[in-house]
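# Geometric and topological summary
Residue strings, one per chain:
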Amino acid sequence: MEEAFRLELQNITKRFDKTLANDGVTLRVKRGEVHALIGENGAGKSTLMNILYGLVKPDSGKILLDGKPLTINSPKDSIANGIGMVHQHFMLAPSLTVAENIVLGHPPTRSNIWKPSKLKEKMKTLEADFNFDVPLNAVTGGLTVGLMQRVEIVKTLYRGAEIIILDEPTAVLTPQEAEELFVSIRKLTQAGHTVIFISHKLKEVMEISDTITVMRAGRVVGTVNKEDVDAEQLAQMMIGRELKGVTRAEIDKGEVALKVDDLNVLGDDGIGAVNGLSLEVHLGEIVGIAGVEGNGQTELSEAILGVRKCKSGKVFIDGKDVTTASVGSRIEHGLGFIAQDRVKEGLALDFSIRDNLVLKSRKKEPISKNGIMRWRNASKMSRKMIEDYAIKANGEEEKVQSLSGGNMQKVVVARELSQSPKLVIACQPTRGVDIGASEYIRSMLVKLRDQGNAVLVISADLDEIMELSDRILVMFEGRKTGELSSSQANEQRIGKMMFGQNEGEVTEP
Amino acid sequence: MADILSGTLRTATPILLAALGGLLFEKAGVFSIAHEGMMLFGAFFGVWGMHLTHSVPMAILFALAIGAIVGLIYVWLIEKMNANATIASIGVNAFAVGITTYMMKSIFGDAGSVGTAGIIGLPKIDIPFIGNIPFIGKVINGHTILVYVSIVLVVILSYFLFHTHTGINLRAVGERPQAAASAGIPVLRYRIIACIVGGALCGLAGVHLSLGHVTLFAENMTAGRGFFAYTAVVFGQANPVGVMIASLVFGLAETVTYRAQQIGFPGPLVLTVPYIITILALIIRSCGIFDKFNRYRWRRKAQRLQNKKLKGA
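Here is a short report on the structure shown in this document.

## Points about the overall build of chain B
- Scanning chain B for helices and strands turns up 14 helices and 2 strands.
- Taking 2.2 N^0.38 as the reference for a compact globule, 313 residues should give roughly 20 Å; the C-alpha atoms of chain B span a radius of gyration of 21 Å, in line with that estimate.
- The C-alpha extent of chain B, read off along each of the three principal axes, is 75 × 50 × 40 Å.
- The burial tally for chain B puts 48% of its 313 residues in the buried class.
- Taking the intrachain contacts of chain B between residues at least 6 apart in sequence as the baseline, contacts between residues at least 24 apart amount to 76%.
- Roughly 14600 Å² of accessible area belongs to chain B as shown, and the carbon and sulfur atoms make up 70% of that amount.

## What to know about the overall build of chain A
- Regarding its fold elements, chain A presents 17 helices and 22 strands.
- Whereas a compact globule of 509 residues would reach a radius of gyration of roughly 23 Å, chain A reaches 25 Å, a difference of no more than 12%.
- Relative to its 509 residues, chain A shows a buried fraction of 51%.
- For chain A, the proportion of contacts with a sequence separation of at least 24, taken over those separated by at least 6, is 67%.
- For chain A, the exposed surface amounts to about 23000 Å²; the carbon and sulfur share of it is 48%.
- Averaging the positions of the 66 positive and the 70 negative side-chain charges in chain A gives two centres separated by 5 Å.

## Some words on the environment of Phe132(A)
Residues and elements named next belong to chain A.
- When you line up the elements, Phe132 lands in the loop between helix H4 (116-130) and helix H5 (145-158).
- Of the residues examined, Phe132 reaches a relative accessible area of 4% and is grouped as buried.
- Along the chain, Phe132 and Arg150 lie 18 residues apart, while their C-alpha atoms are 7.7 Å from each other.

## Observations regarding the state of the cysteines
Residues and elements named next belong to chain A.
- Throughout the structure, instances matching the rule amount to 0 disulfides over all chains.
- Not part of a disulfide, Cys427 finds its nearest cysteine sulfur in Cys310, a span of 15 Å.
- Classification of Cys427 by relative accessible area gives buried; the value is 3%.

## Some details on the side chain of Thr211(A)
Residues and elements named next belong to chain A.
- If you trace the backbone, Thr211 turns up in strand S9 (residues 211-216).
- Looking at Thr211, the relative accessible area reads 6%, which means it is buried.
- Within the structure, the side chain of Thr211 is placed 2.5 Å from the side chain of Glu33, a separation counted as a polar contact.
- Apart from residues lying up to four places away in sequence, Thr211 is in contact with Glu33, Val34, His35, Ala36, Thr223, Val224 and Asn225.

## With respect to the sheet that holds strand S16 (residues 335-338) of chain A
Residues and elements named next belong to chain A.
- Taken in spatial order, the 6 strands make up an open sheet running S16-S19-S20-S13-S21-S22, and their pairing is mixed. Every other strand in the sheet has two partners, leaving S16 and strand S22 (479-485) as the edge strands with one partner each. On average, each strand axis in the sheet is inclined to that of its neighbour by 15°, with strand direction left out of account.
- The pairing of strand S13 (residues 285-290) with strand S21 (residues 471-476) spans 4 bridges and is parallel. Considered in S21, the bridge of Val287 is made with Arg471.
- Sheet strands in contact with helix H15 (residues 435-450) are S13, S16, strand S19 (423-427) and strand S20 (454-458), and its direction is about 135° off that of S13.

## A closer look at the interface of chain B and chain A
- Listed as interface residues are 28 residues of chain B and, on the opposing side, 33 residues of chain A.
- For the pair chain B and chain A, the summed buried surface comes to about 2500 Å²; carbon and sulfur atoms form 63% of the total.
- A per-residue breakdown of the area chain B buries against chain A is headed by His165(B), Ser182(B) and Trp298(B), which together make up 25% of the total.
- Linking chain B with chain A are 1 salt bridge.
- Among the salt bridges present, the one from Glu100(A) reaches Arg171(B), with a minimum N-O distance of 2.9 Å.
- Run the count over chain B and chain A and you get 6 residue pairs in polar contact (both at pLDDT 80 or more).
- With 9 residues, the single largest contributor to the side of chain B that touches chain A is helix H14 (residues 289-312) of chain B.
- Taken together, the residues of the side of chain B that touches chain A break down into 11 nonpolar, 9 polar and 8 charged.

## Describing helix H4 (residues 85-108) of chain B
Residue and element names in this part refer to chain B.
- Helix length check: H4 (24 residues) gives 33 Å between terminal C-alpha atoms against 34 Å at 1.5 Å per residue, within 8%.
- Those residues of H4 lying buried are Ala85, Ala88, Ser89, Val92, Asn93, Ala96, Thr100, Thr101, Met103, Met104 and Phe108.
- You can read the cap of H4 off the contacts: a side-chain oxygen lies 2.8 Å from the backbone nitrogen of Thr86, and it is on Asn84.
- Just downstream of H4, Gly109 is the residue with a positive phi angle, here 65°.

## Points about the packing of helix H14 (residues 405-418) of chain A against H15(A)
Residues and elements named next belong to chain A.
- One can describe the packing of H14 onto H15 by two numbers: an axis separation of 10 Å at closest approach and a directional angle of 10°. Classified by the angle between their axes, H14 and H15 sit roughly parallel to one another. Seen along the crossing, H14 lies across H15 with a hand that is left-handed. Across from Gly406, Gln409, Lys410, Val413 and Leu417 in H14, the residues of H15 making contact are Ala437, Tyr440, Ile441, Met444 and Leu448.
- Looking at the contact of H14 with H15 residue by residue, the class counts come to 7 nonpolar, 2 polar and 1 charged.

## A few points about a nonpolar patch on the surface
Residue and element names in this part refer to chain B.
- Judged by side-chain polarity, Met1, Leu5, Ile130, Ile133, Phe135, Ile136, Ile140, Leu252 and Val256 come together as a nonpolar surface patch covering roughly 740 Å² of accessible area.
- Contributions of two or more residues to the nonpolar patch are made by helix H5 (134-140) and helix H11 (240-262).
- Take Leu252: it is sitting in helix H11.

## What about the packing of aromatic side chains?
All names here are of chain B.
- Tallied over the full model, the rule gives 14 aromatic pairs over all chains.
- Measuring from centroid to centroid gives 6.1 Å for Phe41 and Phe95, while their planes differ by 50°, and the two rings are tilted. Taken together, the residues Phe41 in helix H2 (residues 35-53) and Phe95 in helix H4 connect sequence positions 54 residues apart.
- Phe41 gets classed as buried once you look at its relative accessible area, which sits at 6%.
- With relative accessibility at 52%, the residue Phe95 sits in the exposed group.
- Between Phe228 and Tyr275, the ring centres sit 5.1 Å apart and the planes meet at 65°, which makes this aromatic pair edge-to-face. Taken together, the positions of Phe228 in helix H10 (residues 225-235) and Tyr275 in helix H13 (residues 273-286) put the pair 47 residues apart, joining distant regions of the chain.
- Judged by relative accessible area, which is 4%, Phe228 ranks as buried.
- Exposure remark for Tyr275: the relative accessible area of 39% places this residue in the partly exposed category.

Conventions and cut-offs
Residues numbered from 1 in each chain as written. Chains lettered and ligands numbered in written order. Predicted model: local features only at pLDDT ≥ 70, side-chain atom pairs only at ≥ 80, totals over all residues. Heavy atoms only, no water. Helix = DSSP H or I, 4+ residues; strand = E, 2+ residues; numbered from the N terminus. Rg over C-alpha atoms; globule rule 2.2 N^0.38 Å. Buried < 20%, exposed > 50% of the residue type's maximum accessible area, 1.4 Å probe, protein only. Contact = heavy atoms within 4.5 Å. Areas by Shrake-Rupley, 256 points an atom, 1.4 Å probe, with all protein chains shown as cover. Lys, Arg positive; Asp, Glu negative; His and termini not counted. Charge placed at Lys NZ, Arg CZ, Asp CG, Glu CD. Disulfide = S-S within 2.5 Å. Polar contact = N/O pair within 3.5 Å; in protein donor to acceptor, adjacent residues only side chain to side chain. Pairing = 2+ DSSP bridges. Axes fitted to C-alpha atoms, helices over the stretch in contact; angles between N-to-C directions. Buried area = accessible area lost by both parts, 1.4 Å probe. Salt bridge = Lys/Arg side-chain N within 4 Å of Asp/Glu carboxyl O. Nonpolar A, V, L, I, M, F, W, Y, C, P; charged D, E, K, R; others polar. Expected span 1.5 Å × (residues − 1). Parallel < 35°, antiparallel > 145°, perpendicular 65-115°, else oblique. Left-handed = near helix turned anticlockwise from the far one by under 90°. Patch = residues over 30% accessible without salt bridge, like charges linked within 9 Å, V, L, I, M, F, W, Y side chains within 5 Å. Phe/Tyr/Trp six-rings, centres within 6.5 Å; stacked < 30°, edge-to-face > 60°.

If you want it as structure tokens, here you go:
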């Protein structure tokens, strides 16, 4: 061994019931590096990190810190040994101030009396070292997501962490916020701290990390230096085969399939969520709507589907005014809808795959006749769809809730596309879906377009929007802040529009 | 006028004490509307303790103890037995009415209420100098000890929640138990202790009801005050001072209602006022207006702090 490792996990094995979550995993992390841990959902990354953080006990294997063996029984042990974790879902109480959240469970003095001035002294050295700036007196629930994440990082530093685990840190950030996070990470490593970065976004992994360990199905596929690989090779290692990528046919735009005219929609809180928005989607075109979540995209999609009332404005599908039409009649006009939350809105979880697949075609022959279900035909159609969409399941009678996220989403997509819709609204079509299935779902959407249908994609994932769309609209606070053709689009331009700044209006102080 | 304010303070006290107990349940993240039952237990056991020992401190101790025990049973049902909190609350409330009525009949042999000679009320306290101040003296002086205790408790709880680490931990336990647990805080222990203390405070509220102004126990004598207390927790946003103000409003309503009846307003109609307020509070609670308002306020504050920093830089 030429150099000592800061942290070593040796031959970690962990079994949950039947599945082997970690199978002899070895991870070696050098001091002061950004070590990315990548892999698809269910590859075992989270289990490994939970073992390191003391939330899960391994069946076998060793953890070495600076070459010395370490026993970790609870998060307290790992914190005491300088290991900190920033969870994907923030561990912050919204009504507490930032300062209170930082000292939670770790008072700055021995006394039980809370003295904010003591924390401020400690924070000054942190600020000097890392230039981390957090508003200590603000109530945490009022911060932006990016700031909350910074509070989380400061929290681990305050507790003395020198090895910091970041679990999918960019999943909730805008591109600009992610850039700021990367600046922070570099400051940490410059100061000698070590960062373990969990992600499945290859582009950012290539940007930030020094070393990359790839996991698949509970095992380590390989550990590589960033210089030696490119994103494609990493993807191949992650999914175990080559990515095909999405190829699209050159076709001409057809007639307008969806027209939204000066639409105003109220949100749940009675405040305008969509404010005077107009858009058109043509046949043979994919239009993507980008934007930070919560800027009216959900309400817009619900208004188009017809489950949310429009305050004013009009919605036309296939040239017909459907503003006040029922959901059923919109579906008859050729509308397909991939809901953003497959668990809550897209599927009946304790129904079988077959029952979910025929939900939309149940009234038509050959699935039913004279109001009586023809189960044999339904099963036959379901088996074909399971095969066509490569849904991993033990037959069509299996309950949907036992499927993985990716396979659940495939059931939704299969059902919606089987009706040969003229217009599909796809909301976050690949959220929480692993790369292989994402690629498949995206290729199905492109295929639909190539066949001359219209697709509206709403997604918080900018890469997805840019990969799929012929045209990109950006939404901010319920308004359209920009529209770009796919050739004009880049992350910086879209990112600015996501904050309501349009090219011409950008003012630098 | 002084009479009304003095009465307000007196009638607000049992609601305030129970509400401070309810505040602890709320802050620990244990949903409860069982304060009514806990109060009723406290009211009866206070009278019973007095009957057995003829001692005021023992009567208060009886009430505190029964409240603490019921609080412990309640948190055990919720946290260990995974009971539904609403059902468990209804259970405690119904059980309290049944068991106190039964015990009253079997111990005192009286069907309606007890008020025997051996039962003395809580003594009224005469504060030497304040009593002489013209208007204020009349309002503040001459109440039972529990009136003053409840106000001191407001101060203590405020300090505890916002200026001690245990208090900060408790607030985190109630709001984000996972966040508290990941910081190494024993969530369950916090909940158990909060519920025991909260239950004891409800018991204290009960004894003020049965031995404070009157000296008797009557069947179901809490008459919904436990629910007023929960309402005060909601309106006061589980902040001790806010809860105190809300309780005083209830006290005022009760006192004014009593007066209004005397001067000829239709009694039954006026009596419904506190209950209507309670229902309104529950509706407001369930549509989350407070949450939205808070989030808006927090965002404003965060932005203000950011702006100040930018200007300073």
